Amino acid sequence: MNRLGKKANETLIEMALSADGEECNGPETISTAGSEIPSSSEIDKRHQSKDSIFFRDGVRRIDFVLSYVDDLNKEWEKKLERRKEFESNLQKAGLELETEDKKESEDGKIFFVKIHAPWEVLITYAEVLNIKVPIRENDIPPMVENPLDCVLFPLRLPEKVMHPEPDYFTAPFSKDKQELYLINDESTFFSPSMRNRIVNYILTRCPYGTEEGKKKFGIKRLLNNGTYTAAYPLHDCQYWKKASDPNCDSERYTLYMEWARFLRFYKEQPLVLIRKYYGEKIGIYFAWLGFYTEMLFLAAVVGLICFLYGLFTMDENMSSKEICDPAIGGEIIMCPLCDRDCEYWRLNTTCESSQYSHLFDNVATLFFAIFMGIWVTLFLEFWKRRQARLKYEWDLVDFEEEQQQLQLRPEYEAKCTQKKKNPVTQEMEPYLPLTSQAVRFCISGATVLFWVSLIIASMIAVIVYRLAVYAAFASLMENTQTLQPISGVLTPQLATSVTASCLNFVIIMILNFFYERIAIWITDMEIPRTHMEYENRLTMKMFLFQFVNYYSSCFYVAFFKGKFVGYPGAYTYMFNRWRNEECDPAGCLIELTTQLTIVMAGKQIWGNIQEAIVPWICNWWGRRKARNNPENLYSRWEQDHDLQTFGALGLFYEYLEMVIQFGFITLFVASFPLAPLLALMNNILEIRVDSWKLTTQYRRPVAAKAHSIGVWQEILNGMAILSVVTNAFIVAFTSDMIPRLVYYYAYSENEDSPMSGYINNSLSVFLISDFPERNEPKENPENFVICRYRDYRYPPDHEKKYLHTMQFWHILAAKLAFIIIMEHVVFIVKFFVAWMIPDVPADVKAKIKREKYLTQKILHEYELEKLKERLCQGDKRATEKEFIATEGRMELSRAM
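Residues numbered from 1 in each chain as written. Predicted model: local features only at pLDDT ≥ 70, side-chain atom pairs only at ≥ 80, totals over all residues. Heavy atoms only, no water.

What about the overall build of the protein?
What the protein contains, in helices and strands, is 29 helices and 18 strands. By residue count, 53% of the 896 residues in the protein fall in the buried class. Sequence-distant contacts, at least 24 apart, represent 77% of the contacts inside the protein between residues at least 6 apart. Of the roughly 42,200 Å² that the protein leaves accessible, carbon and sulfur atoms contribute 59%. (Helix = DSSP H or I, 4+ residues; strand = E, 2+ residues; numbered from the N terminus. Buried < 20%, exposed > 50% of the residue type's maximum accessible area, 1.4 Å probe, protein only. Contact = heavy atoms within 4.5 Å. Areas by Shrake-Rupley, 256 points an atom, 1.4 Å probe, with all protein chains shown as cover.)

A look at unusual backbone geometry
The phi dihedral of Asp395 falls on the positive side, at around 60°, and the residue is not glycine. Locating Asp395 in the fold gives a position in the loop between α14 (363–393) and α15 (401–405). A positive phi angle, close to 50°, is found at Ile527, a residue other than glycine. Under the relative-accessibility criterion, Ile527 is labelled buried at 6%.

Description of the nonpolar core
In this structure, Trp288, Tyr292, Trp375, Phe379, Tyr551 and Phe664 are the most contacted members of the largest nonpolar core, which totals 134 residues. For this core, the element with the highest residue contribution is helix α11 (residues 280–312), accounting for 16 residues. In this view, Phe664 contacts Tyr550, Tyr551, Cys554, Leu596, Val599, Met600, Lys603 and Val669; residues no more than four positions away in its chain are not counted. Counting 47 residues, the second largest nonpolar core, distinct from the first, contains Leu66, Phe111, Ile219 and Ile858. (Core = buried A, V, L, I, M, F, W, Y, C linked by side-chain atoms within 4.5 Å.)

Let's talk about the pairing of strand β1 (residues 64–69)
Along β1, 5 of the 6 residues are buried, which leaves the element largely enclosed by surrounding structure. Here 6 bridges tie β1 to strand β3 (residues 110–116), and the two strands are oriented antiparallel to one another. Within β3, the residue paired with Leu66 across the bridge is Val113. (Pairing = 2+ DSSP bridges.)

Here we look at the packing of aromatic side chains
Inspection of every chain in the model, using the stated rule, returns 59 aromatic pairs. Plain terms: the ring middles of Tyr567 and Tyr802 are 5.5 Å apart, the flat faces sit at 40° to each other, and that makes the pair tilted. Of the two residues, Tyr567 sits in strand β13 (residues 566–567) while Tyr802 sits in the loop between β18 (786–790) and α27 (806–836), which places them 235 residues apart along the sequence. Consider the rings of Phe729 and Phe733, whose centres lie 5.8 Å apart with planes at 20°: the pair is stacked. Linking Phe729 with Phe733, this pair stays in helix α24 (residues 711–734), spanning 4 residues, or about one helical turn. On the basis of relative accessible area, Phe733 is assigned to the partly exposed category, the value being 22%. Note that Arg774 overlies the ring of Tyr573, its terminal NZ or CZ placed 3.7 Å from the centroid. (Phe/Tyr/Trp six-rings, centres within 6.5 Å; stacked < 30°, edge-to-face > 60°. Lys NZ or Arg CZ within 6 Å of the ring centre and 35° of its normal.)

Some details on the side chain of Gln639
Examined against the element boundaries, Gln639 turns out to sit in helix α21 (residues 636–641). On the accessibility criterion, Gln639 (9% relative accessible area) is buried. In this structure the side chain of Gln639 is engaged in a polar contact, spanning 3.3 Å, whose partner is the side chain of Gln238. The residues touching Gln639, leaving out its near neighbours within four places in the chain, are Asp51, Gln238 and Tyr634. (Polar contact = N/O pair within 3.5 Å; in protein donor to acceptor, adjacent residues only side chain to side chain.)

Considering the state of the cysteines
If you walk through the whole model with that rule in mind, you get 3 disulfides. Shown here is the disulfide that connects Cys324 with Cys351, its sulfur atoms set 1.8 Å apart. Disulfide Cys324 to Cys351: torsion about the S-S bond roughly 100°, handedness right-handed. Placement of Cys324 in helix α12 (residues 318–324) and of Cys351 in helix α13 (residues 351–357) is noted, with a sequence separation of 27 residues between them. Under the relative-accessibility criterion, Cys351 is labelled buried at 16%. A disulfide bridge connects Cys335 with Cys787, and the sulfur atoms are separated by 1.9 Å. Around the S-S axis, the bridge from Cys335 to Cys787 shows a dihedral of about 80° and counts as right-handed. With a gap of 452 residues between them, Cys335 in the loop between β9 (333–334) and β10 (345–346) and Cys787 in strand β18 connect regions that are remote in the sequence. (Disulfide = S-S within 2.5 Å.)

A look at the side chain of Glu87
Relative to the assigned elements, Glu87 resides in helix α2 (residues 76–92). Among buried charged residues, Glu87 stands out as having no salt bridge; its nearest opposite-charge side chain is Arg83, 5.3 Å away. Within the local environment of Glu87, its side chain forms a polar contact with the side chain of Tyr228, the two groups lying 2.7 Å apart. (Lys, Arg positive; Asp, Glu negative; His and termini not counted. Salt bridge = Lys/Arg side-chain N within 4 Å of Asp/Glu carboxyl O.)

Observations regarding the environment of Arg56
One can find Arg56 in the loop between α1 (12–18) and β1. Spatially, the C-alpha atoms of Arg56 and Glu98 are 8.5 Å apart, while their sequence positions differ by 42 residues.

Regarding a nonpolar patch on the surface
There is a patch of nonpolar side chains on the surface, built from Ile605, Trp606, Ile609, Ile613, Val614, Trp616, Ile617, Trp620 and Trp621 and spanning about 890 Å² of accessible area. For Trp606, the location among the structural elements is in helix α20 (residues 589–623). (Patch = residues over 30% accessible without salt bridge, like charges linked within 9 Å, V, L, I, M, F, W, Y side chains within 5 Å.)

Details of the pattern of salt bridges
What the rule picks out here adds up to 31 salt bridges. The partner of Arg636 in a salt bridge is Asp640, with the nearest N and O atoms 2.9 Å apart. Of this pair, Arg636 and Asp640 both sit in helix α21, 4 residues apart, which is roughly one turn of that helix. Where salt bridges share partners, they join Arg56, Glu98, Glu100 and Lys114 into one cluster.

Brief notes about the confidence of the model for the protein
In regions of low pLDDT, the predicted coordinates are not meant to be interpreted in detail. Chain-level statistics for the protein give a pLDDT mean of 82 and a share of 85% at 70 or above. Every residue in residues 1–47 scores below 50 in pLDDT, and together they form 76 contacts with partners more than four places removed in sequence or on other chains. Contacts from residues 888–896, a stretch scored under 50 in pLDDT, to residues over four places away or in other chains number 10 contacts. (pLDDT = per-residue confidence, 0-100.)

Some words on the sheet that holds strand β8 (residues 230–232)
The 4 strands lie next to each other as β2-β3-β1-β8, forming an open sheet whose pairing is antiparallel. Looking at which strands have only one partner, the edges of the open sheet turn out to be β2 (96–100) and β8. Mean inter-strand twist for the sheet, computed between neighbouring axes without regard to direction, equals 15°. Pairing of β2 with β3 involves 5 bridges; the strand directions are antiparallel. Across the sheet, the residue bridging to Glu96 is His116, located in β3. Each of β1 and β3 is contacted by helix α7 (residues 192–203), which is oriented at about 45° to β1, the strand it contacts most. (Axes fitted to C-alpha atoms, helices over the stretch in contact; angles between N-to-C directions.)

With respect to the environment of Tyr747
Residue position: Tyr747 is located in helix α25 (residues 737–747). In this structure Tyr747 touches Val742, Met806, Gln807 and His810, once residues within four positions along its chain are discounted. A distance of 2.6 Å separates the side chain of Tyr747 from the side chain of His810, its partner in a polar contact.

Here we look at the environment of Ser671
For Ser671, the location among the structural elements is in the loop between α22 (650–667) and α23 (675–697). Put simply, Ser671 and Asp361 are 310 residues apart on the chain and 7.3 Å apart in space, counted from C-alpha to C-alpha. Those residues in contact with Ser671 that lie beyond four places of it in its chain are Phe360, Leu589, Leu592, Thr593, Leu596 and Ile730.

What to know about α22
An α-helical segment advances 3.6 residues per turn. Residues three or four places apart therefore align on the same side. If you check α22, its first and last C-alpha atoms are 26 Å apart, about what 18 residues at 1.5 Å a residue would give, namely 26 Å. Most of α22 is tucked away, with 17 of its 18 residues classed as buried. (Expected span 1.5 Å × (residues − 1).)

A closer look at the packing of α14 against α22
As a packed pair, α14 and α22 sit with axes 10 Å apart at the nearest point and diverge in direction by 145°. Across the interface between the two elements, Met372, Trp375, Val376 and Phe379 from α14 touch Phe662, Ile665 and Thr666 from α22. When the residues that make up the contact of α14 with α22 are grouped by side-chain class, the tally is 6 nonpolar, 1 polar and no charged. (Nonpolar A, V, L, I, M, F, W, Y, C, P; charged D, E, K, R; others polar.)

Overview of α25
Of the positions making up α25, those classed as buried are Met737, Ile738, Pro739, Arg740, Val742 and Tyr743. Residues of α25 that are buried in the fold lie against α12, α14, α24, α26 (758–762) and α27.

Notes on the packing of α11 against α22
It is the contact of α11 with α22, at a shortest axis distance of 11 Å, that shows an interaxial angle of 20°. With respect to their mutual orientation, α11 and α22 come out roughly parallel. For the element pair α11 and α22, the recorded crossing hand is left-handed. From α11, Lys281, Ile282, Ile284, Tyr285, Trp288, Leu289, Tyr292 and Leu296 reach across to α22, where they touch Leu651, Glu654, Tyr655, Met658, Gln661, Phe662 and Ile665. For the contact of α11 with α22, the class distribution of residues is 12 nonpolar, 1 polar and 2 charged. (Parallel < 35°, antiparallel > 145°, perpendicular 65-115°, else oblique. Left-handed = near helix turned anticlockwise from the far one by under 90°.)

So this is what it looks like as structure tokens:
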């Protein structure tokens, strides 16, 4: 191409620097270059379907599309000038443009600029981006067949879907060695995802002029200021039918039919095709989500068995039997649960709730807590192995994330005007002064601290709600006859817990909505240097907020509620006004289960509504005018323009959602063994919802590379360690297991039925006449003399009146000993399992070494042949020493 001639060996940044002083006044509508391509006037557009991914000539592929609206406002001239400059510079970089006039669009308002990257541009930037391409078909024998393949056959997809093309040995592309690569067809050598990645790299760095003394560049800034309304690569066809063009692979249609439909939920995912179409970054997410879902199956089965154990042994639970027995629970008068307005009540009114609490508070709880501590280690270790295999299969072994992600962000280059020499490259590059960094970090830290404090304040407000409405619920249920039939199930404690959980969930969603925008704003304000820094900072801010937002209420119920109550006559109060909550006589675990179920299930339902229904409604609304248009008038670029934007942070929200769910099924799983089952069912749906929306409701994302799940791996490791601690504390302090075991082994007096008498033993006695006026109920119609409360204190006639008994200290010591023993046992097993399981499978290590050796051999043989040719041609530069050095390098490669 003539336009590329003098710039063929320059990257875009070099071109921009050299052309900084040039004046560029390209036309608004830019025609294509090259005399070998027919002009648009020579093509009869009436006979060409606009549902195409090619230029009007039907040869050059559309790699990217820009759209804009030519609105005549006060900014019109400035936007026009920016577009002229930008598109002119794109042409200087070698890209070819073709503009569709607004008259051709469906609404008559939108211009579309189609972009094609010719071969010279592709090979230039393939070398810059270190893209790996095939050099020889892989001759390493495939893995030995799995003996379970026959059993798993119904879950398999067709081979042409799972492996759409052969496996190759690859090497980084070099313009000087083009004959080394398997280039059968220049138009298809680089996949569409590679092409759109290259074009996006150019677009994000292309300058468009100088404003206010600063050089401006990048498509992102042009989108933000309204110069362009959208920038996106095209899907290759409509998702519900194959493209009519035989040159189109119709990969979108294949993905929809084999992956995105819910009826395929039991099938494996076509990860190779996902990676080929969307890029490695999206491919690695779906690989992780699929693996996580597979591992959840084991946890869900074990959790279901533990739940069934509680269900089948419910009638054998001595504690609930005693509570329900009219001769025992019916004769025990409990102290009022609130001041003045609440009445004395009989213990057997909590009969049904005590039976239900046994579903989750039984000996299986301990087993399941230990099991999940080991399961999470197995999950993380086996994922490392799966990730290592994907890195090999997807040519990411030598992928240097630092090399790719440590490239400066265009926003950083634009906003940092000062420059200093890079000690590594010895080149001048922009930097942010230390004083500016310090100020930005202080503002960022203060903002995060304020929002975390706001969450804590909202949680305290919910606690105050609990304390304030409990008396109202107790009075309502006592005096309302219609509620009497369900009073055994819907106790005042449960009613307060359910309504407080729902209120807490609403507050979580509202705070989450606002904080997401705040987190992005303060991360942008910090001006991170690289894309990796940007994602890591945003991830940590969002995760810290979400951690406090979603888990604070569960931490309160698990570790604070009912722990600092005091005793009748000496209750503790929040803000000296509201009396602290007490746990149900059957324990606080059932309330933690309720809280966890509402927040976890509510988040999953709301998340699926946001992910699936909202984009579908938006797209339906946007396409309502075009539904009746014939296909040949509704172009491929217009169809994709009407879809939703996936965005650079699209995957971030998907990871965040799953990691928060991971916290629910690990941090508090001892209270709710069915949590993994709920997560499994949600994830089966999540995979299909994510694939459906990505394939049908969103524009095609720009392909991006990634060889791991990034910082999320460290977050998962941290949560895995924390989960051991939280579950040990839940079993010790939230459930009734330790007090029951202490009673069983140390205080039981009935050898035939060791647990009989436990309820009476766990309730202390209070003399009603000792109530101060503030706490004493207004009425005592049956003239009760004593009431009982949940604690281990001496009775009123003892010399140590209302002080803790020795049994209290024995139980406390047992709880602390249990925590220490459980933590050490689980941590020892975790670290032993992690040590036993290597991060990279042995066969993958061998294949990596084999591929490196063969690739080096091929490259060295190529260099040797070139040297021989030069020697035969009498090239003086090809000295004998150079020839010997090349042969020596081959010998060294063989030895390695």
